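Given next are the chains, with one letter for each unit.
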Amino acid sequence: MTIPATEIRVNGTVQGVGFRPFVYRLAAQHGLIGSISNTADGVLIRVAGSEAGIDALYEALTRHPPPLARIVGLARQPATLPAGHTGFVILISESGGRSHTHVPPDIATCADCRREIMSPGDRRHRYPFTNCTNCGPRYSIIRSLPYDRPRTTMAAFPMCPACRAEYADPADRRFHAQPNACPVCGPELSWHDREGNRIAAADPLTNAVEALVRGAIVGIKGLGGFHLAVDAGDRQAIDRLRARKNRPAKPLAVMVRDLAFARRIALVGPTEEEQLTAIAAPIVLLRKKPDTALAENLAPGIDELGVMLPYTPLHHLLFARPETPPCLVMTSGNPAGEPLCKDNDEALARLAPYCDGFLLHNRDIHTRVDDSVVRMMQKRPRPLRRSRGYAPAPVRLAADLPPVLAVGAELKNCFCLARGRDAFLSQHIGDLSNLATLEFFEQALTRLGDLLEIEPQLAVADLHPDYLSSRFAQQLDLPLLRVQHHWAHAASVMAEHGLDEALAVILDGTGYGPDGTIWGGEVLHCTLRDFKRLGRLAPLPLPGGDMAARQPWRMGLAALHAANLIGRAEGLPLGGSPEEQSFILEMIAKQINCPVTSSCGRLFDGVSALLGICQVNTFEGQAAMELENLAARALQGASLLDSSLYADLRGQPLFAERDNLLEIAVTDCLRTLVDTRVAESKTVAELALYLHAFLVAAFGAMTEHLCKKSGVETVVLSGGSIQNRILAEGFADFFAAAGRRLYTNVQVPANDGGLALGQAVIGGTKGAG
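Below, the structure is looked at part by part. (Residues numbered from 1 in each chain as written. Predicted model: local features only at pLDDT ≥ 70, side-chain atom pairs only at ≥ 80, totals over all residues. Heavy atoms only, no water.)

A few points about the nonpolar core
Counted only if it meets this: Buried Ala, Val, Leu, Ile, Met, Phe, Trp, Tyr and Cys residues that are joined via side-chain atoms within 4.5 Å together make up what is termed a nonpolar core. Buried means the residue's accessible area, taken with a 1.4 Å probe over protein chains only, is under 20% of the maximum for its type, while exposed means over 50%, and partly exposed covers the values in between. Only DSSP runs of H or I covering at least 4 residues are called helices, and only runs of E covering at least 2 are called strands; the numbering of each starts at the N terminus.
If you look at the biggest cluster of nonpolar residues, it comprises 80 residues, and the most contacted ones within it are L603, L670, F694, L695, F699 and F731. Top contributing element to this core by residue count: helix 21 (residues 684-710), with 16 residues. In this structure, L259, C341, Y354 and C355 belong to the second largest nonpolar core, which totals 40 residues.

Quick look at helix 12 (residues 468-475)
Here is the rule we go by: The arc in question is formed by the directions pointing from the helix axis toward the C-beta atoms. By definition in these notes, contact holds between two residues if any of their heavy atoms fall within 4.5 Å.
Among the residues of helix 12, S469, S470, F472 and A473 are the ones counted as buried. Considered in projection along helix 12, the buried side chains sweep an arc of 155° and stay on one side of the axis. Buried positions along helix 12 lie against helix 11 (435-452), strand 19 (458-462) and strand 20 (480-483).

Digging into the sheet that holds strand 1 (residues 3-13)
Note on sheets: strands pair through backbone hydrogen bonds, and any given pair is parallel or antiparallel. For the record, the criterion: Here, any two strands with at least 2 DSSP bridges between them count as paired. Axis angles are defined between N-to-C directions and span 0 to 180 degrees, where every axis is a line fitted to C-alpha atoms and, for a helix, only to the segment in contact.
Pairing is mixed in the open sheet, where five strands are placed in the order 4-1-3-2-5. Where the open sheet ends on each side, the last strands, each with one partner, are strand 4 (70-81) and strand 5 (88-90). The mean inter-strand angle of the sheet, taken between neighbouring strand axes irrespective of direction, is 15°. Bridging between strand 2 (residues 33-38) and strand 3 (residues 43-48) involves six bridges; their strand directions are antiparallel. Bridge pairing in strand 3 places I36 opposite I45. Running over the sheet, helix 1 (residues 19-29) touches strand 1, strand 2, strand 3, strand 4 and strand 5 and is turned about 175° from strand 5. Contacting strand 1, strand 3 and strand 4, helix 2 (residues 51-63) crosses the sheet at an angle of about 160° to strand 4.

Quick word on empty space enclosed by the protein
Rules: Points on a 1 Å grid over protein atoms alone make up a cavity when a 1.4 Å probe fits among them but cannot get out, and a pocket when they form an open set with protein on both sides within 12 Å along at least five of seven lines; lining residues each have an atom within 4 Å of a point. Grid points are joined across faces, edges and corners, and a volume is the space filled by probe spheres set on the points.
The final tally for this structure, using the stated rule, is five cavities of 30 Å³ or more. Taken as a whole, the largest cavity spans an internal volume of roughly 140 Å³. Residue lining of the largest cavity: 18 residues in total, with P128, L223, T312, P313 and R363 positioned closest to the centre.

With respect to the pattern of salt bridges
The following threshold applies: Any Lys or Arg side-chain nitrogen located within 4 Å of an Asp or Glu carboxyl oxygen qualifies as a salt bridge.
Tallying each qualifying case throughout the model produces 43 salt bridges. Across the salt bridge formed by E304 and R725, the nearest N and O atoms sit 2.9 Å from each other. One end of the pair, E304, is in strand 12 (residues 304-308); the other, R725, is in helix 22 (residues 725-738), and 421 residues separate them in sequence. A single burial state applies to E304 and to R725, both of which are buried. In this structure, the salt-bridge partner of D400 is R421, at a minimum N-O distance of 3.4 Å.

Topic: the packing of helix 15 (residues 552-562) against helix 16 (residues 578-590)
Condition: Here is the rule for angles: anything less than 35 degrees is roughly parallel, anything more than 145 is roughly antiparallel, 65 through 115 is roughly perpendicular, and the remaining ranges are oblique. Handedness of a helix crossing follows the sense of rotation of the near helix relative to the far helix, less than a right angle counterclockwise being left-handed and clockwise being right-handed. Residues are grouped as follows: Ala, Val, Leu, Ile, Met, Phe, Trp, Tyr, Cys and Pro are nonpolar; Asp, Glu, Lys and Arg are charged; all remaining types, including Gly, are polar.
Direction vectors running N to C along helix 15 and helix 16 enclose 55°, while the axes themselves pass 10 Å from each other. Taken together, the axes of helix 15 and helix 16 lie oblique to each other. Remark: the crossing between helix 15 and helix 16 carries right-handed chirality. Contacts between helix 15 and helix 16 involve W553, R554, L557, A558 and H561 from the former and E580, Q581, I584, L585, I588 and A589 from the latter. Broken down by class, the residue content of the contact of helix 15 with helix 16 amounts to seven nonpolar, two polar and two charged.

Description of the environment of V607
With respect to the secondary-structure elements, V607 resides in helix 17 (residues 600-610). For V607, a relative accessible area of 1% translates into the label buried. Distance from V607 to L673, taken between C-alpha atoms, is 8.2 Å for residues 66 residues apart in sequence. Discounting chain neighbours no more than four positions away, the residues touching V607 are L627, L670, L673 and L691.

Some points on the layout of surface pockets
As a volume, the second largest pocket reaches approximately 590 Å³. In terms of lining residues, the second largest pocket is bounded by 25 residues, among which A280, R386, G389, Y390 and A393 are the most central. A total of four residues in the lining of the second largest pocket trace back to one element, the largest contributor, which is strand 16 (residues 380-385). In terms of residue class, the lining of the second largest pocket is built from 17 nonpolar, four polar and four charged.

A look at the sheet that holds strand 8 (residues 218-221)
In space, the 11 strands of this open sheet follow the order 7-6-14-8-9-13-10-12-11-15-16, with mixed pairing throughout. If you trace the sheet from one side to the other, it starts and ends with strand 7 (198-199) and strand 16, each paired once. Here helix 6 (residues 235-245) sits on the sheet in contact with strand 9 (226-231) and strand 13 (327-332), set at roughly 145° to strand 9.

What to know about helix 4 (residues 161-168)
Among the residues making up helix 4, those that are buried are C163, E166 and Y167. Along helix 4, the residues classed as buried sweep out an arc of 100° about the axis, all on the same side. When the buried face of helix 4 is taken as reference, the exposed residues oriented beyond 90 degrees from it are P161 and A168.

Details of the pairing of strand 15 (residues 373-377)
In terms of burial, strand 15 is largely enclosed, as five of its five residues are buried. Because side chains alternate across strand 15, one face comprises the buried residues V373, R375 and M377, and the other comprises V374 and M376, equally buried. Of the pairings in the sheet, the one linking strand 11 (residues 283-287) to strand 15 comprises three bridges and is parallel in character. Opposite L285, over in strand 15, you have R375 as the bridge partner. Direction of pairing for strand 15 relative to strand 16: antiparallel, over a ladder of five bridges. Within the sheet, the bridge partner assigned to M377 lies in strand 16 and is R380. Following strand 15, the chain reverses through two residues before pairing antiparallel with strand 16; Q378 in that reversal takes a positive phi of roughly 55°.

Here we look at the packing of helix 15 against helix 17
Their axes nearest at 7 Å, the elements helix 15 and helix 17 cross at an angle of 90°. As summarised for this structure, helix 15 and helix 17 are arranged roughly perpendicular, according to the angle between their axes. Between helix 15 and helix 17, the contacting residues are P552, W553, M555, G556, A559 and L560 on the first element and R602, D605, G606, A609 and L610 on the second. Looking at the contact of helix 15 with helix 17, its residues break down into seven nonpolar, two polar and two charged.

What about the pairing of strand 3?
Sheet faces and side chains relate simply in a regular strand, where the side chains alternate between the two faces. Summarising burial for strand 3: five of the six residues are buried, a large majority. Here strand 1 runs beside strand 3; their pairing, made up of five bridges, is antiparallel. Residue E7 lies in a different strand from strand 3, and its bridge partner there is R46.

Description of the side chain of T703
With respect to the helices and strands, the residue T703 is situated in helix 21. When near neighbours in sequence (up to four residues on either side) are disregarded, T703 contacts L503, V505, V523, V715 and F735.

Overview of the packing of aromatic side chains
Note the cut-off: We call Phe, Tyr and Trp rings a pair once their centres come within 6.5 Å, taking the six-membered ring for Trp, and we label the pair stacked below 30 degrees between planes, edge-to-face above 60, and tilted otherwise. In this scheme, Lys NZ or Arg CZ marks a charge over a ring once it lies within 6 Å of the ring centre and within 35 degrees of the ring normal.
Scanning the model with the defined rule gives 10 aromatic pairs in all. Pairing W519 with F531 gives two aromatic rings, centres 6.4 Å apart and planes at 75°, and the pair type is edge-to-face. Linking W519 in strand 22 (residues 518-527) with F531 in strand 23 (residues 531-537), this pair joins segments that are 12 residues apart in sequence. Arranged with centres 6.3 Å apart and planes meeting at 20°, the rings of F731 and F735 form a pair that is stacked. Linking F731 with F735, this pair stays in helix 22, spanning four residues, or about one helical turn. In this structure an aromatic cluster arises from ring pairing among Y24, F88 and F175. A cation sits over an aromatic face here: R76 above Y58, 4.9 Å from the ring centre.

Put into C-alpha cells, the structure is as follows:
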C-alpha cells in the first residue's frame, strides 16, 4: 500500500547552493516525510504529511528560497511514496537524461566561515580552504552534473570522519556541502621559488607575506586562477611588475584588507559598499582619494581604481597577518593577451618571468574564471566584465529559443549558449588574438556545453570575415547566421528587458557594416528579426586600418584632414614624427589603406591626440579613458546637461540628411576644439568635456527627431563607449527630460562582452520563425 504524496520539481540554480539541506530542514519543521534528490533538471522533492505542512514548504520555496538559489521553474503534482517510508531522506543524485539545471557561480567566503578561520579554538582555524553550503568554489571545480563531490575536483580529497559527520548532519550548515574539507583531509598550500622548486615551510603563507613585504612579486593560486600580487604602496615593485609584463600604463586592480581601508583610499558610497561586499565580490571601480599611501603608478592618468575585498579564506588569512601590506595589487596571472593561468605546472612555466615566488595549492581548478568588474553609473552597478561570481548564471529571456550557440566578438569575447528561456553566457574569455585564447574559448565552450547538455541547432557569428570566433563558427557542422555587430549590441539590451522594437544608439570602437565600412557611431531601428540604419557619425578615414586604433595620433591627423584644419593646427602636440605625419597625410589624400569609419571610439582617439592627452594606446581604450578622466575633472560631479558647454549647443543644427541617412557632422565639433585649443581660451579638461556634450546633444537630438518621425517611443543604449559614465548618464538625463523610455545593459556588459547575448536572441528568434 503506497502513501499519497506530493511531487515538487524545482528548476534553476538549485544545486550547490544548500538547497537540499534547506528542504530537509523545512520537512522536519513541518513534520513531513519523503525524499529529495538532485536530477538532471534540478531538484526532485516527494513529500507526504499534512496538507498545511506541504503548502508551507511550497510557500517557503516560492517566497524564501536559500540566498544563493535562483528558481525559474516550480511545479507540483500528486505522487506516492513506498509503503512503510519513514522520515525525510536525501537520496543519491539521479543521473541520466539531458540536464536542464543551472551551474552555480563561485561565491565569496561567508561570514560564518570567516569567523571560523579567525577563531583559535576552531578546528578550521587558519585553514585556507574552508567553505560551506553558503560559499566557496562551484563552477571552477565542477566537472559534470548533478553537482556531487565525485563530479568535482574535490574527488581527490576523501572526507575525514569529522567532515563526513558534518556532511551527514542535517542541522549542520555543511550538510551536503560538496567541497567540504579541513586541515586533516583537504587541500594544502605550498611555497615555491621562482624556478618552481618547492621550499619546505611550516606555514607557506608566512613565506608569501615575507616576500610581499620585501617588494617581491608573488604568483598566488586562487579560486578561478592565478593572481600576480605585489605591495600596492611600493612604486618600485609595481614598476618591476609593469616592466616584466610589458604593461606600462594599464590600470592595475587592487585587493584591500577590509572595507575600512577601501574607504581610506577611495570614495565608497552605499551602492559601492553593496557591490564590494556582495557574494559575487567583483572588482569595483572607485574614485581615488588624493594623498593616499598608494603608489601613483597603479593607474596613471586615471582618477579611478579597481578595488576588491578578500573573497576566499586564503585572501582573508593573508590580510590577517599584521605585517601584510593593507593593499595589494592583484592582477590577472597571465602573459599579456593570453588566458589566465589555472594549473600549477602551467603557472610555474608561463609566469616564471614575472614572479619571485609562488604560493600554490593542490586543489585543481577545472574551469578558469577571471575576476568580474563593475562600475557605478546612475547609482547602479554596470558590469564591465562578467565572470567570477556571475558566470555561468543565465540571463532569463522573455520567449523560448531553440538551442543556439552565439560565438561573440573578437575583443572581450564571451560566448552564449541559449535554450528555452535561458541564455548562458560564458565567463570572460578575452581577446581572440592568439592561439592560446582560441584554445581556451574552445575548451570553455566544450565544458559548458557538456555541463548544460546543450546541443546547438544553429550557430550565430559576427559579420566580420576575419574574427577568429566567426571562423570557428564556420567550421562547425551547423547552420550559420551572420549578425551585424551593432544590431547585436542593441539586441542584448532588448533581450535583457524583453523588448520587441526600439531605436538604438550604439557607440563603440569598431564593428563591420553590411556596406563594408567600419561602423561605430550609429542610430538603428531594431526588432529581433531585422534592423535599419537611420543615422551615424560622419565618417573619418582610418589611416592604416587597425594601426590607427593603436596610434591615436593617426586619427588626430585624419580628423584635421577631414575638417580642413591641417594648417590651423600647427604646434599642437599631436604625436608622430614630421616624416610619419607627412606619410599618413599622403595615405589619406590618395586613399591608400584608409577605410572609412563612423566609429565613436576612433573619434575619441583622434580628439585625445589633438588635445595632447594620448598619442599612442599601450592598451585598448587608453586614449578614450584618459579623455573621459579629464572631462570628469571639468564636470566635477555635476550633470552634463547643466553645464555651460552643453547649453551652448542647444538649438544648433547638429545633424543633417546625407545619402539617405541622418549624419552628425563632426567637423563642426573638431573646428571648435582646434580653434579653442589654439587660442588657449579653455582648459584641456573643458575641451574633453565639450566632446562629451557634443555627442550627447547630437545623438540625443537625432534620436528624438527619429522617435517623433517613426512613432517608436523606446530607446536602447549600448556599445563599448557607453562604459563612459559621462556619456551614459548624459544620455539618461537627456531622454528622461524628453519623456522617452531608455534601456541599457544591466546584466551583461555594454561592451563586446555582452554581444553574444544579442547574437543568440536574434539567431534564436529568426531560427524559431
